[in-house]
Amino acid sequence: MISTASVQYFPGAYRRLLAPFAAFMLAMVIGVSGVSAATPAETFVQNNVQKGLTILNNKSAPKEQVINEFRDFLLSLTDLNRIAMFTLGPAKRTASDADKKLFATAFAEYATAIYQSRLTQYSGQTLKVIGSQERAKGDYIVRTVMANPDGSTSGDPIRVDFRVLNDNGHFVVIDVSVVGVWLAIEQRDQFTAFLGQHNNSVPALTEHLKKLTAQLRAGKGG
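These numbers come from a predicted model, not from an experiment. (Residues numbered from 1 in each chain as written. Predicted model: local features only at pLDDT ≥ 70, side-chain atom pairs only at ≥ 80, totals over all residues. Heavy atoms only, no water.)

## Thoughts on the nonpolar core
Membership of the largest hydrophobic core comes to 51 residues, with the highest contact counts inside it found for Phe103, Phe107 and Val164. Ranked by the residues each element gives to this core, the list is headed by helix α6 (residues 97–118), at 10 residues. Sequence-distant contacts of valine 164, defined by excluding residues within four places in its chain, comprise Phe44, Val45, Gly138, Asp139, Tyr140, Val142, Phe171, Val172 and Val173. (Core = buried A, V, L, I, M, F, W, Y, C linked by side-chain atoms within 4.5 Å. Buried < 20%, exposed > 50% of the residue type's maximum accessible area, 1.4 Å probe, protein only. Helix = DSSP H or I, 4+ residues; strand = E, 2+ residues; numbered from the N terminus. Contact = heavy atoms within 4.5 Å.)

## Comments concerning the packing of aromatic side chains
Counted by the stated rule, this structure contains 5 aromatic pairs. With a centroid separation of 6.1 Å and 40° between ring planes, the pair formed by phenylalanine 103 and phenylalanine 107 is classed as tilted. Note that phenylalanine 103 and phenylalanine 107 are positioned in helix α6 at a spacing of 4 residues, about one turn of the helix. For the pair shown, phenylalanine 103 and phenylalanine 107 are each scored as buried. Plain terms: the ring middles of phenylalanine 103 and phenylalanine 191 are 6.0 Å apart, the flat faces sit at 85° to each other, and that makes the pair edge-to-face. Of this pair, phenylalanine 103 sits in helix α6 while phenylalanine 191 sits in helix α7 (residues 183–196), and the two are 88 residues apart along the sequence. Taking the relative accessible area as the measure of exposure, phenylalanine 191 reaches 0% and is therefore buried. (Phe/Tyr/Trp six-rings, centres within 6.5 Å; stacked < 30°, edge-to-face > 60°.)

## Regarding the pairing of strand β3 (residues 139–147)
Of all 9 residues in β3, 8 are buried, a share of seventy percent or more. In this structure, β3 lies alongside strand β4 (residues 159–167), joined through 7 bridges in antiparallel fashion. Within β4, the position partnered with aspartate 139 by the bridge is leucine 165. (Pairing = 2+ DSSP bridges.)

## Describing the pattern of salt bridges
As enumerated under the stated definition, the model contains 8 salt bridges in all. Note that arginine 135 and aspartate 139 form a salt bridge whose closest N and O atoms lie 2.8 Å from each other. The class of aspartate 139 is buried, set by a relative accessible area of 8%. Of the charged contacts, one joins arginine 159 and aspartate 161 as a salt bridge, the two residues approaching to 2.7 Å between their closest N and O atoms. Assessed through its relative accessible area of 34%, arginine 159 is described here as partly exposed. Among the ionic contacts, a cluster of salt bridges with common partners joins Arg71, Glu109 and Arg217. (Salt bridge = Lys/Arg side-chain N within 4 Å of Asp/Glu carboxyl O.)

## Here we look at the confidence of the model for the chain
A residue-level look at the chain finds 73% of positions with pLDDT of 70 or above and a mean pLDDT of 78. Residue range residues 1–8 is modelled with pLDDT below 50. Its contacts to residues more than four positions away, or to other chains, number 15 contacts. (pLDDT = per-residue confidence, 0-100.)

Right, here's the structure in full:
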């Protein structure tokens, strides 16, 4: 178990990472509007955001039901296990299979909580798909910008890119770039720093994520 003081490790420097990461992953489920999708990857982004929006706007459902349905939605949309293992960095090579499995589970719960906690801050905003690029076979970057509710943009709109993989005919999101910063890479750096201060203990990081998840669901974080 980690100390109470270490629970404050992510808030502060790490919160500056989590704010845009969560905000713009949530923006994907708040809405995508504008141009018609021209590629399968764009269609995937555009169609699936509506599913998340429907789940999170279901005010009549019990909170636990919304959490469970939104978790299932994220698992279908993103490869959270792949992202979790990536964020562990070098630690995944020495961690036991059991520790990695527990970490991946805690990471999925944390991702669900942090995305939900940001929803009210970005209600009414949308993302507008502006194009995509295939980096390699089955590896796409879908480009979007923040837009007004009517789909229009003004000033210098914020650019948000999604990296989408075609995994045997099933598209998944594996990273998000906000104004040029790929956020899973930033998460990996932050987790590596945490592990470096906690004897490279993956269980310590897992427990830390559990505590942060509980704080978020109690309305004390995010």
